[in-house]
Amino acid sequence: MTNLFTWKYWFTVNPEPLTPLAFKVLVGILILLAVSAIIIAIIKRKNSLYRGVFKKLYNLCASNLVIGLIILFFNYETVPFLSSRLWIGAWVLEMAIWKFFILKDAKEIPKNKKALEAQKELKKYLP
C-alpha cells in the first residue's frame, strides 16, 4: 500500500502488470459501467424532466466503458507507455469531474420543476 503513494508507481514508463486483484476490480468496474449504460439507455427513453441528466449519465457510462476497455487492453498487453498507472489515475479523475458536473445539473431540476409548474399555472388562465 505504501507503493501506491510514490511518484515512481504512478509515473513509471514501463510498469509491472496489474495484480490479479486489480485486474478483477478493473473488469468489475467495466461490467458495472456496461450494465449501467444499458439500464440508463432504457430509462432515458421516457420523456421526463430528468431526461437530460439520464442522457449525460449514459454518455458518462458509455464513453468511460470504451476508455476503460482501452486501458485494460494496454495493461494486459503491457505496452510500455500506454500501460502506465498515470492513465488509470487520469481516468478515475476524469470520471469524478464528470460526475460532479452531472450532479451540479441534477441539483437544478427542482428549480426547473417549480418554474414549469408556475408556467402551467399561468397558462391555465391565459386563452
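Attention here is on the structure that accompanies the text. (Residues numbered from 1 in each chain as written. Predicted model: local features only at pLDDT ≥ 70, side-chain atom pairs only at ≥ 80, totals over all residues. Heavy atoms only, no water.)

1. Details of the pattern of salt bridges
And step 1. If you walk through the whole model with that rule in mind, you get two salt bridges.
And step 2. Asp105 serves as the salt-bridge partner of Lys56, at 2.3 Å between the closest nitrogen and oxygen. Of this pair, Lys56 sits in helix 3 (residues 51–77) while Asp105 sits in helix 4 (residues 85–106), and the two are 49 residues apart along the sequence.
And step 3. Owing to a relative accessible area of 31%, Asp105 belongs among the partly exposed residues under this scheme.
And step 4. Here Lys124 makes a salt bridge to Glu121, at a shortest N to O gap of 3.1 Å. Taken together, the residues Lys124 and Glu121, both in helix 5 (residues 109–125) and three residues apart, mark about one turn of the helix.
And step 5. What makes Glu121 partly exposed here is its relative accessible area of 37%. (Salt bridge = Lys/Arg side-chain N within 4 Å of Asp/Glu carboxyl O. Helix = DSSP H or I, 4+ residues; strand = E, 2+ residues; numbered from the N terminus. Buried < 20%, exposed > 50% of the residue type's maximum accessible area, 1.4 Å probe, protein only.)

2. Thoughts on the side chain of Ser84
And step 1. Mapping Ser84 onto the fold places it in the loop between helix 3 and helix 4.
And step 2. By relative accessible area, Ser84 is classed as buried at 4%.
And step 3. Leaving out residues up to four positions away in the same chain, Ser84 has contacts with Trp10, Thr12 and Pro15. (Contact = heavy atoms within 4.5 Å.)

3. Quick notes on the nonpolar core
And step 1. Judged by nonpolar contacts, the single largest core of 13 residues is most densely connected at Leu26, Leu30, Leu33, Cys61 and Trp91.
And step 2. Every element with two or more residues in this core is listed here: helix 2 (20–43), helix 3 and helix 4.
And step 3. Here this core takes five residues from helix 2, the largest share from any one element.
And step 4. Among residues more than four places away in sequence, those in contact with Leu33 are Cys61, Asn64, Leu65 and Trp91. (Core = buried A, V, L, I, M, F, W, Y, C linked by side-chain atoms within 4.5 Å.)

4. So, the packing of aromatic side chains
Each aromatic ring pair is characterised by the separation of its centres together with the angle its planes make.
And step 1. Within the structure shown, the criterion is met by four aromatic pairs.
And step 2. Pairing Phe100 with Phe101 gives two aromatic rings, centres 5.3 Å apart and planes at 70°, and the pair type is edge-to-face.
And step 3. Take Phe101: its relative accessible area is 44%, and that puts it in the partly exposed class. (Phe/Tyr/Trp six-rings, centres within 6.5 Å; stacked < 30°, edge-to-face > 60°.)

5. Observations concerning the layout of surface pockets
And step 1. Taken as a whole, the largest pocket encloses approximately 370 Å³ of empty space.
And step 2. In this structure, the largest pocket is lined by 17 residues; those nearest its centre are Tyr9, Leu18, Ala22, Arg85 and Ile88.
And step 3. Counting residues per element, the ones that place at least two in the lining of the largest pocket are helix 1 (7–11), helix 2 and helix 4.
And step 4. Sort the elements by how many residues they give to the lining of the largest pocket and helix 4 lands first, with five residues. (1 Å grid on protein atoms, 1.4 Å probe; cavity = no way out; pocket = protein on both sides within 12 Å on 5 of 7 lines; lining within 4 Å. Points joined across faces, edges and corners; volume = space filled by probe spheres on them.)

6. Here we look at the packing of helix 2 against helix 3
Think of two packed helices as two axes; the pair is described by the angle between the axes and how far apart they sit.
And step 1. Where helix 2 meets helix 3, the closest approach of the two axes is 8 Å, and the angle between their N-to-C directions is 155°. Between helix 2 and helix 3, the crossing angle belongs to the class labelled roughly antiparallel. Considering only the axes of helix 2 and helix 3, their crossing is left-handed. Facing helix 2, whose interface residues are Phe23, Leu26, Val27, Leu30, Leu33, Ala34, Ser36, Ala37, Ile40, Ala41 and Ile43, helix 3 presents Phe54, Leu57, Tyr58, Cys61, Ala62, Asn64, Leu65, Gly68, Leu69, Leu72 and Tyr76.
And step 2. Tallied by class, the residues present in the contact of helix 2 with helix 3 amount to 19 nonpolar, three polar and no charged. (Axes fitted to C-alpha atoms, helices over the stretch in contact; angles between N-to-C directions. Parallel < 35°, antiparallel > 145°, perpendicular 65-115°, else oblique. Left-handed = near helix turned anticlockwise from the far one by under 90°. Nonpolar A, V, L, I, M, F, W, Y, C, P; charged D, E, K, R; others polar.)

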